[in-house]
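# Notes for the structure review
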Amino acid sequence: MMNNNKVEKFYFGASSSAHQAEGGQRNDWSEWEIRTATGKAHNARNRPPTGGWPAYILERHPNPLEETNYVAGRAADHWHRYEEDFDLAKELGHTAHRFSIEWSRVEPEEGRFDERALAHYRDVVRALRARGMEPFVTLWHWPLPLWLARKGGWESSAAIGAFAKYAGRVAAYLKDDVKFWIPLNEPEIYANMSYLNGTWPPQVKNPLRMLRVLSHLIRAHRAAHPVLKGINPSCRVGIAKNNIHFEAAGRNQWNELLKAVADWWWNRLPLDLTNDTLDFIGLNFYFHNRIDGWFNRNRNERINDIGWELAPESLFHALMDLKRYEKPVYVTENGLADARDLHRAEYIHEALRAVKRAVGNGVDVRGYFHWALTDNFEWADGFWPRFGLVEVDYQTLTRRPRASAQAYKNLIERWPNI
Ligand code: IFM
């Protein structure tokens, strides 16, 4: 049973990231988007009809066949509309919010920090506090300032010190207002997508370069930790780690072996290498991976709009796997692309039941952040995947909470009786 203490300190909210929501960025991603949009729209138009998109996606704007889908541009204009977005979050019962600070805005040229950008983020944090929401602040959620990308980005060891310096500058500015810091978002996903399978900028496909990037990211987290603690010793530093529930089918030793290797490499190694610097673990959870002879033998009985299996109950297993670290855990992301809002309410209910079960089994879970507060720009896929609790009309930028946002609110009010 959960005691009252645990219930009191449990945060509920949603997540977002700067590049995906704010609009108006100038970084390595924004340049790459402009270079690649035509090709992406062309490839989308040439997809065979059977692999094409259903009408409910193509009818929306922007749709995957248009170039505008692939350029973040003004995104959801959260930069100008954060107060409106936080009003909605408050109305929806949220008590915390996770967002990211855009490095390229704060340090547009090497060593030149933009006071106006810092002041903007201080206003964002204060807007949350004024509404009774605890800010969870990510310092790097993937894009890089152009000057750093030109120097080799995370492949260059110079990025480590540069990141620590940037983290220190932001933390010094926001030290009175921010308690929870997340230096890095999903370093392992970034290293794989950008340097192993070559999907994201800079589109490298090279395992050795991927390892170098991953190692630099881990060193950057480790370098930022003493800087953040030095500025405010009582702050809490974590990581947003995308862990997967690997499930070995049957009682099969080969499947078990694959699971053990995958758990070690993907789920644990990055945490083991940062463990001594973590006050909490942020779990970004989306994936169940069933192993039967090989990986990805999922039954896919329910899938979301971008083809990912819906497995909210797997969150329980991912949380139980974190018990070994004996740390507070926040689910810093969990969600689905569901333009018609068909599955989201049920998905959140199942996910929160998984959280409750994990708490009952001794995992110190202290918060749940749904991805995302509003619809936003889903990286190489662009705008068409709809992850928001709140729908955004990208032509008018008007916001409309989906029915599932209200269902989430009801669960928050009933918690832990769900
Ligand atoms: O949109 C992303 C987010 O930026 C990082 N985690 C997964 C989300 C959904 O793909």
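Residues numbered from 1 in each chain as written. Predicted model: local features only at pLDDT ≥ 70, side-chain atom pairs only at ≥ 80, totals over all residues. Heavy atoms only, no water.

### Re the environment of Phe 295
Looking at the secondary structure, you find Phe 295 in the loop between strand 6 (280–291) and helix 13 (314–321). The buried category is assigned to Phe 295, whose relative accessible area is 18%. Residues in contact with Phe 295, not counting those within four places in the same chain, are Phe 246, Leu 258, Ala 262, Asn 289 and Arg 290. (Helix = DSSP H or I, 4+ residues; strand = E, 2+ residues; numbered from the N terminus. Buried < 20%, exposed > 50% of the residue type's maximum accessible area, 1.4 Å probe, protein only. Contact = heavy atoms within 4.5 Å.)

### Some points on the nonpolar core
Trp 103, Trp 140, Trp 154, Phe 163, Trp 181, Val 355 and Tyr 368 are the most contacted members of the largest nonpolar core, which has 103 residues in total. The element best represented in this core is helix 9 (residues 158–174), accounting for nine residues. Discounting chain neighbours no more than four positions away, the residues touching Tyr 368 are Phe 10, Tyr 11, Phe 12, Gly 13, Val 331, Asn 334, Ile 348, Ala 351, Leu 352, Val 355 and Tyr 408. Listed in part, the 15 residues of the second largest apolar core include Ala 37, Ala 44, Trp 53 and Trp 371. (Core = buried A, V, L, I, M, F, W, Y, C linked by side-chain atoms within 4.5 Å.)

### Notes on a nonpolar patch on the surface
Taken together, the side chains of Leu 208, Leu 211, Trp 264 and Trp 265 define a hydrophobic patch exposed on the protein surface, amounting to about 430 Å² of accessible area. Elements supplying a minimum of two residues to the nonpolar patch: helix 11 (207–231) and helix 12 (253–272). Following the sequence through the fold, Trp 264 ends up in helix 12. (Patch = residues over 30% accessible without salt bridge, like charges linked within 9 Å, V, L, I, M, F, W, Y side chains within 5 Å. Areas by Shrake-Rupley, 256 points an atom, 1.4 Å probe, with all protein chains shown as cover. Salt bridge = Lys/Arg side-chain N within 4 Å of Asp/Glu carboxyl O.)

### Notes on the site of the ligand
Around the ligand, the structure places Gln 20, His 141, Trp 142, Asn 185, Glu 186, Tyr 286, Trp 308, Glu 333, Trp 371, Glu 378, Trp 379 and Phe 387. Trp 371 is positioned such that a nitrogen or oxygen atom in its side chain is 3.3 Å from an oxygen atom of the ligand. One nitrogen or oxygen atom from the side chain of Glu 378 is found 2.5 Å from an oxygen atom belonging to the ligand. In terms of residue class, the shell around the ligand is made up of six nonpolar, three polar and three charged. (Near = heavy atom within 4 Å. Polar contact = N/O pair within 3.5 Å; in protein donor to acceptor, adjacent residues only side chain to side chain. Nonpolar A, V, L, I, M, F, W, Y, C, P; charged D, E, K, R; others polar.)

### Let's talk about the packing of helix 9 against helix 11
In the contact formed by helix 9 and helix 11, the axes pass within 8 Å of each other and the chain directions differ by 30°. By the angle class used here, helix 9 and helix 11 are roughly parallel. In this structure, helix 9 crosses over helix 11, and the sense of that crossing is right-handed. Residues Ile 160, Phe 163, Ala 164, Ala 167, Gly 168, Ala 171 and Ala 172 of helix 9 form the contact with helix 11, whose own contacting residues are His 216, Arg 219, Ala 220, Ala 223, Ala 224, Val 227, Leu 228 and Ile 231. (Axes fitted to C-alpha atoms, helices over the stretch in contact; angles between N-to-C directions. Parallel < 35°, antiparallel > 145°, perpendicular 65-115°, else oblique. Left-handed = near helix turned anticlockwise from the far one by under 90°.)

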